[in-house]
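So the chains spell out like this:
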Amino acid sequence: MMQLCGLALLDSMSWPEEGWVLLQLLLVASFSQAEESVCWRRGDPENPQLSKDGDIMLGGIFSFHLEWKNTQDTYMHKPLPLQCTSLNFRGFQYAQVMLFAIEEINNSTDLLPSITLGYKIYDACASIARGVRVALALANGNEGVSVPSEAPCTRPAQVQAIMGETFSSPCMAIATVIGPFHIPLISHFATCACLSDKTKYPSFLRTIPSDYYQSRALAQLVKHFGWTWVGAIRTNDDYGNNGMATFIETAQQLGICLEYSVSVFRTDPPVKIQQIINIIKASTSKVIVTFLSPTELYVIINELAQHNLTGYQWVGSEAWIFDSETAAVDRHHILDGAIGLSIPKAHVSGMKEFMLNVKPLNSSSNEMFTEFWETLFSCRFTQSKSSRGNQRECTGHEDVSGVQNSFTDMSLMPIFYNVYKGVYAVAHTLHNILCLNKTCNRKVQLDPFMILQHIKKIEFQTKEGDEVYFNEYGDPAAKYEIINWQPTENGIVDFVTVGLYDASLPADKQLNLQNKSLIWAQNSQQVPVSVCSEKCPPGTRKVLQKGKPICCYDCLRCAEGEISNITDSITCMRCDPEFWSNERRDACVKKEAEFLSYEEIMGALLTAASLFGTCLTAVVAFIFFRYRQTPIVRANNSELSFLLLFSLSLCFLCSLTFIGRPSEWSCMLRHTAFGITFVLCISCVLGKTIVVLMAFRATLPGSNWMKWFGPVQQKLSVLGFTLIQVIICILWLSISPPFPFKNFKEFKDKIILECALGSPVGFWAVLGYIGLLAMLCFILAFLARKLPDNFNEAKFITFSMLIFCAVWITFIPAYVSSPGKFSVAVEIFAILASSFGLLICIFIPKCYIILLKPEKNTKKNMMGKGAQKSS
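(A) Examining the packing of helix 13 (residues 413–434) against helix 14 (residues 448–456) more closely. Between helix 13 and helix 14, the least distance of the axes is 9 Å, while the angle of their chain directions is 110°. One way to sum up the angle between helix 13 and helix 14 is to call them roughly perpendicular. On helix 14, the residues that touch Ala-425, Val-426, Thr-429, Leu-430 and Ile-433 of helix 13 are Met-450, Ile-451, His-454 and Ile-455. Classifying every residue of the contact of helix 13 with helix 14 gives seven nonpolar, two polar and no charged.

Take a look at the structure:
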C-alpha cells in the first residue's frame, strides 16, 4: 500500500524530480519482491494505447497528451490513475511514423524476411513519472509469472528496443531505469548533451544531434552577426539548462556577453513570468537567445504581446524554430525575423500519405482514437462518453487531408524522419543478428545487451540515401540548417533556409551562410545591432567599465606615439623610435628628419654669410697683395697678415661643414677643422700682438728683444700653437670621435640628426685651448694698446679679441640650451661672428687707409713723425 501511495503521489508531481523519486521507490519495491517466493505484479496493469503482436516486439513512448489533472491524495485509499488532458497531435504523428516504418519493414523482402515486427506504444502524458512507469511496463509486460520458490524471479525483456521519449528530462529518467537491463532507448528529439554520458545512460541512443553541437553553433551564429550583448531564456529542465550552459561557455570564449539569463517553466506562477518580462523590458540588448520548448515559448510571447514588447531579434533552437504550430500561435508577430538552427529537411516517400490515412474504426485502440478523431474534426461519436456540447456527429469517414491543423502539418518532417531512422536502426541490427542473406533464424534467443552492442556499430543507408550511424556517445553526425522566419503578405511565416552548419568540417568552415536576403525583427532588411558598447575604431583602445562584463567598455584615444590599427583593440602599440603616430593614431608614420640643410632659409642665410665672409677675406687679401710694398702692409710682418687672412677664409669655409645631413666624415671634419683653423687664426693674431710689443721694446736703448722674436720665431710660434691643437684633435678622433646621431628625445614627432661629440672632454679641450689663446692674445693686446704709434695695431687686435671672447662666452649657454638644428646654427653663428670680428677689426681699417687715405700710408706717418712736424 505504501508503494501504491507513493506512485500516486508521483503522478501528481509536475517537476522533473518526480522521475528520480519514482526510481527510489521502484528500487525499494524490487528489494521487497526479491525476498518473496512468488513473482507477481502489484498495482493496476498498464495497457498500451497502440499495440500489435509480432515475432519481435518494439516499444514506443510518446506524449499523446501534454497535461494531466492534479489530484489531492489523502493516502487513505488507492490513488486513481493519472488523468491525461490536452491532446497533443505531435505525439500522434510520431506514433504514426513508427507504425509506417514497421509496416514498411514487415512488407520488405530484403530486411527481416519472414519475421514480423510488433509494437506496444504508450502515452507518457508529458509526465516523467508516467514515462518511467510505462517503460517498466514495456520491459516487464503485464502478465503475472508464477514460479517455484527456489526459482529466480526473472523473465526475458518484452520488447527489444524502445522508441522515445520526445524530451530530454523524461529520457534521462527512463534511461536511468532501463539502463541496467541494457534495453536500447532511441530518442528522436531529446538533445540534451548530458545524455551523451555513457556511464549514466549506457543504453541511450538518439537520431538527433546533441545540444553540445547546437549550442556551439548558436554561439558561432550570434558571433557571426556581431551580436556581443544578448539576453538568454531557457526552459527550466535538463534540455534548457544544459543547452544554455554550453552556449554560455562557448559564447564567453567568443567574446559574447549575456546581459541576463533567465529560466521559465510552464507551471511557473504569474509573478515569476512577470519578473522575466520586467527583465526583458529593462534590458538594452536587442537579441534574445532561447533554449525553449514550444510550451514555454508560448507563455513568454503571450506575455510580451500583452505588454506590447516587440522589436527583439530572436535566436532559436531546433525545438521551435521550424515549427509551424509555433508560428500559428504567434499572432502578434513577435517572432518575425527569428533565426536559428533546425534539423536538415527530409522527405520519405509514402510517409505523409500513410499518416493522413488514419481511420478510428480500423485502429487497435478505439477509445484513444475516438478522442483523437473528435478533437481533430470537432465532432463526437454517438457512443462517446465525452461531452462536447452541440457538436456534429462523427462518422469515422471524414477526410483528414482536408483539415488544416498541427496533425496535418508536415513541417516537422525532419523529426518524423528521426523516428523513422530509429526504427530502421533496430531493424537492421536485428537483421544482422538473425539473418544471413535472405534467411532468418527465428530460434536465436535475443538478448537486449546483444542488440545494444550491435546497434552501436550499425551503419546503413535509408531508402532516401542518407547514412545512419552512431558515434561512441550514441549520437549521430551533427548537421543543421539555418532557418530564417520570413513573414509573407498573407501573414503566414515562410521558413527559409539561409545557411548550413556541419560540425564535422574544420572550425572555420562549419558555419556557411548563403547569399540570401534575410528578414530581421520588424521586417527590417538591416542586421540588428546588439552591443553593450560600440566598437572602438582604430586609433583607440578598450577600457573596461568597472563592475560590468567585458563587452561593456569605453574607447580611449591612444597616447601620442602609440597606435591601434584594428577595431576593438585592447592595447595601443608604441611606434618604433623612428616613427610617430599620425593624427588619427591608427598608423605609424616615419618621423621627419630634421637637420640644418642648405634648402631652408636659415641654412641658406648662414651659407650666404659664410661665402660672403670668404669672398670678403679674398678681397682683403687681394688688396694686401696689390699694396704689399706699402708701409701699412709691411708693418707687423706681412707674412703673418697673409697667413691670418688664409686662416680666416678657412674659418668662414669650415662653417659650411656644419650645414647638411650629418655623416661620419662630416661630423669628424666639422669640429676638428673648426678647432684647427681657429687656433691657426688666433696664433697669427697672437704672433702679431707679440711683434707689436717686441717692436716697441726694441726701440729702447740697449734693447735686444727683436732678435729673439724675428720672422722665423714668429712662424715657429704659429706652427707650435697650431700643432698642439692638431694633437688634441688627433687624440679626440682616436679615442672617441664625433659620430652621426639620431636624437629621438628632443622632439616627439621629429628625429634630430646631429653629430654626437663622442668624447665631451675632447670637444671642450678644443674649445678651451682656443679660449686660452684668445685670452692670452687679448691680455697682450690690451697691454700694448697705449704704445706710441700713429697706427698701433694692438688697439684693433684688442677690439677683435674683445668681440671674439664675447661671442664665444655667450655661445656656451646658447649652444647648450638650443634644441636640434638651432644648436648647430648657434655654433655657425659664433664661428662667423668671431671671424667677421677679426676680419673687420684688424684688416678693414688698413684697407680704409690703403684705398681712401693713401697719404697716410707712409713710413713717417706710421712712425708718428708727420704729425709732430705739422705741429
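Next comes the rest of the write-up.
(B) Examining the sheet that holds strand 20 (residues 479–487) more closely. Reading across from one edge, 10-9-11-12-13-20-21-22 is the order of the eight strands in this open sheet, with mixed pairing throughout. The open sheet terminates on both sides in strands that have one partner only, identified here as strand 10 (257–264) and strand 22 (511–513). Between one strand and the next, the sheet's axes are offset by a mean angle of 25°, whatever the strand orientation. Note: strand 21 (residues 493–502) against strand 22, three bridges, orientation antiparallel. By the bridge assignment for strand 22, Leu-500 is matched with Asn-512. Contacts from helix 9 (residues 294–306) reach strand 9 (229–235), strand 10 and strand 12 (313–316) within the one sheet, and its direction differs from that of strand 12 by about 175°.

(C) Seen up close, the pattern of salt bridges. A complete count under the given rule lists 20 salt bridges for this structure. A salt bridge links Asp-323 to Arg-90; the shortest N-O distance between them is 2.5 Å. On the criterion of sequence distance, the pair formed by Asp-323 in the loop between strand 12 and helix 10 (324–329) and Arg-90 in helix 3 (residues 89–106) is long-range, its members being 233 residues apart. The salt bridge partner of Glu-562 is Arg-574, with a shortest N-O separation of 3.3 Å. In this pair, Glu-562 is assigned in strand 25 (residues 562–563) and Arg-574 in strand 26 (residues 573–574), connecting sequence segments 12 residues apart.

(D) Structural view of the packing of helix 17 (residues 638–654) against helix 22 (residues 821–852). At their nearest, the axes of helix 17 and helix 22 sit 9 Å apart, and the two run at 155° to each other. As summarised for this structure, helix 17 and helix 22 are arranged roughly antiparallel, according to the angle between their axes. When the axes of helix 17 and helix 22 are compared, the crossing they make is left-handed. Along its contact with helix 17, which presents Ser-641, Leu-644, Leu-645, Leu-648, Cys-651, Phe-652 and Cys-654, the element helix 22 presents Ile-831, Leu-832, Ser-835, Phe-836, Leu-838, Leu-839, Ile-842 and Phe-843. Residues belonging to the contact of helix 17 with helix 22 are distributed by class as follows: 13 nonpolar, two polar and no charged.

(E) Region of the structure containing the state of the cysteines. Evaluation of the coordinates by the stated rule reveals 10 disulfides. Bridging Cys-84 to Cys-125, the disulfide has an S-S length of 2.1 Å. Note that Cys-84 is positioned in strand 4 (residues 84–87) and Cys-125 in the loop between strand 5 (117–123) and helix 4 (128–140), a separation of 41 residues in sequence. Overall, Cys-84 belongs to the partly exposed group, its relative accessible area being 23%. Overall, Cys-125 belongs to the buried group, its relative accessible area being 0%. A sulfur-sulfur distance of 2.0 Å marks the disulfide that ties Cys-558 to Cys-572. Disulfide Cys-558 to Cys-572: torsion about the S-S bond roughly -75°, handedness left-handed. Taken as a pair, Cys-558 in the loop between strand 24 (553–557) and strand 25 and Cys-572 in the loop between strand 25 and strand 26 lie far apart in primary sequence, 14 residues in all.

(F) Fine view of unusual backbone geometry. Residue Glu-165 follows Gly-164 across a cis peptide bond; omega there is -15°. Following the sequence through the fold, Glu-165 ends up in the loop between strand 6 (162–164) and helix 5 (168–178). Look at Ser-86: it is not a glycine, yet its phi comes out positive at around 60°. By the secondary structure assignment, Ser-86 is in strand 4.

(G) Up close: the pairing of strand 2 (residues 56–62). Taken across its seven residues, strand 2 has seven buried, putting it largely inside the fold. Of the two faces of strand 2, the one holding Ile-56, Leu-58, Gly-60 and Phe-62 and the one holding Met-57, Gly-59 and Ile-61 are both buried throughout. Looking at chain direction, strand 2 and strand 5 are connected through seven bridges and run parallel. Following the sheet pairing, Met-57 is matched in strand 5 by Gly-118. One ladder, built from three bridges, connects strand 2 with strand 6; its direction is parallel. Paired with Gly-60 across the strands is Met-163, a residue of strand 6.

(H) Focus on the packing of aromatic side chains. All chains considered together, the criterion is met by 27 aromatic pairs. Three or more aromatic residues joined by ring pairs make a cluster, and in this case those are Phe-64, Phe-89, Phe-92, Phe-372, Trp-373, Phe-377 and Phe-407. The ring of Phe-625 is capped by Arg-628, whose NZ or CZ atom sits 4.3 Å from the centre of that ring.

(I) Spatial organisation of helix 14. Among the residues making up helix 14, those that are buried are Pro-448, Ile-451, Leu-452 and Ile-455. One side of helix 14 holds all its buried residues, which, seen down the axis, span an arc of 100°. Buried residues belonging to helix 14 abut strand 7 (185–187), strand 8 (204–206) and helix 13.

(J) Up close: the side chain of Ser-63. Mapped onto the secondary structure, Ser-63 falls in the loop between strand 2 and strand 3 (65–68). There is a polar contact of 3.0 Å between the side chain of Ser-63 and the backbone nitrogen of Ala-126. Beyond its immediate sequence surroundings of up to four residues, Ser-63 is in contact with Asn-88, Gly-91, Asp-123, Ala-124, Cys-125, Ala-126 and Glu-165.

(K) Just the environment of Ile-632, in detail. Considering the arrangement of structural elements, one finds Ile-632 in helix 16 (residues 631–634). Judged by its relative accessible area of 1%, Ile-632 is buried. Distance in space between the C-alpha atoms of Ile-632 and Thr-858 is 7.5 Å, their sequence separation being 226 residues.

(L) Seen up close, helix 13. Here helix 13 spans 31 Å end to end across 22 residues, near enough to the 32 Å set by a 1.5 Å rise per residue. Taken across its 22 residues, helix 13 has 21 buried, putting it largely inside the fold.

(M) Layout of a nonpolar patch on the surface. Residues Leu-723, Ile-727, Leu-731 and Ile-735 make up a contiguous nonpolar surface patch of roughly 420 Å² in combined accessible area. Inspection of the secondary structure puts Ile-735 in helix 19 (residues 711–735).

(N) Quick peek at the sheet that holds strand 30 (residues 739–743). Taken in spatial order, the three strands line up as 29-31-30 in an open sheet, and their pairing is mixed. The open sheet has two edge strands, strand 29 (592–594) and strand 30, and neither has a second partner. The mean inter-strand angle of the sheet, taken between neighbouring strand axes irrespective of direction, is 30°. The sheet contact formed by strand 30 and strand 31 (residues 750–756) spans five bridges and is antiparallel. Counterpart to Phe-741 in the pairing with strand 31 is Glu-754.

Cut-offs and rules
Residues numbered from 1 in each chain as written. Predicted model: local features only at pLDDT ≥ 70, side-chain atom pairs only at ≥ 80, totals over all residues. Heavy atoms only, no water. Axes fitted to C-alpha atoms, helices over the stretch in contact; angles between N-to-C directions. Helix = DSSP H or I, 4+ residues; strand = E, 2+ residues; numbered from the N terminus. Parallel < 35°, antiparallel > 145°, perpendicular 65-115°, else oblique. Contact = heavy atoms within 4.5 Å. Nonpolar A, V, L, I, M, F, W, Y, C, P; charged D, E, K, R; others polar. Pairing = 2+ DSSP bridges. Salt bridge = Lys/Arg side-chain N within 4 Å of Asp/Glu carboxyl O. Left-handed = near helix turned anticlockwise from the far one by under 90°. Disulfide = S-S within 2.5 Å. Buried < 20%, exposed > 50% of the residue type's maximum accessible area, 1.4 Å probe, protein only. Phe/Tyr/Trp six-rings, centres within 6.5 Å; stacked < 30°, edge-to-face > 60°. Lys NZ or Arg CZ within 6 Å of the ring centre and 35° of its normal. Arc of directions from axis to C-beta. Polar contact = N/O pair within 3.5 Å; in protein donor to acceptor, adjacent residues only side chain to side chain. Expected span 1.5 Å × (residues − 1). Patch = residues over 30% accessible without salt bridge, like charges linked within 9 Å, V, L, I, M, F, W, Y side chains within 5 Å. Areas by Shrake-Rupley, 256 points an atom, 1.4 Å probe, with all protein chains shown as cover.

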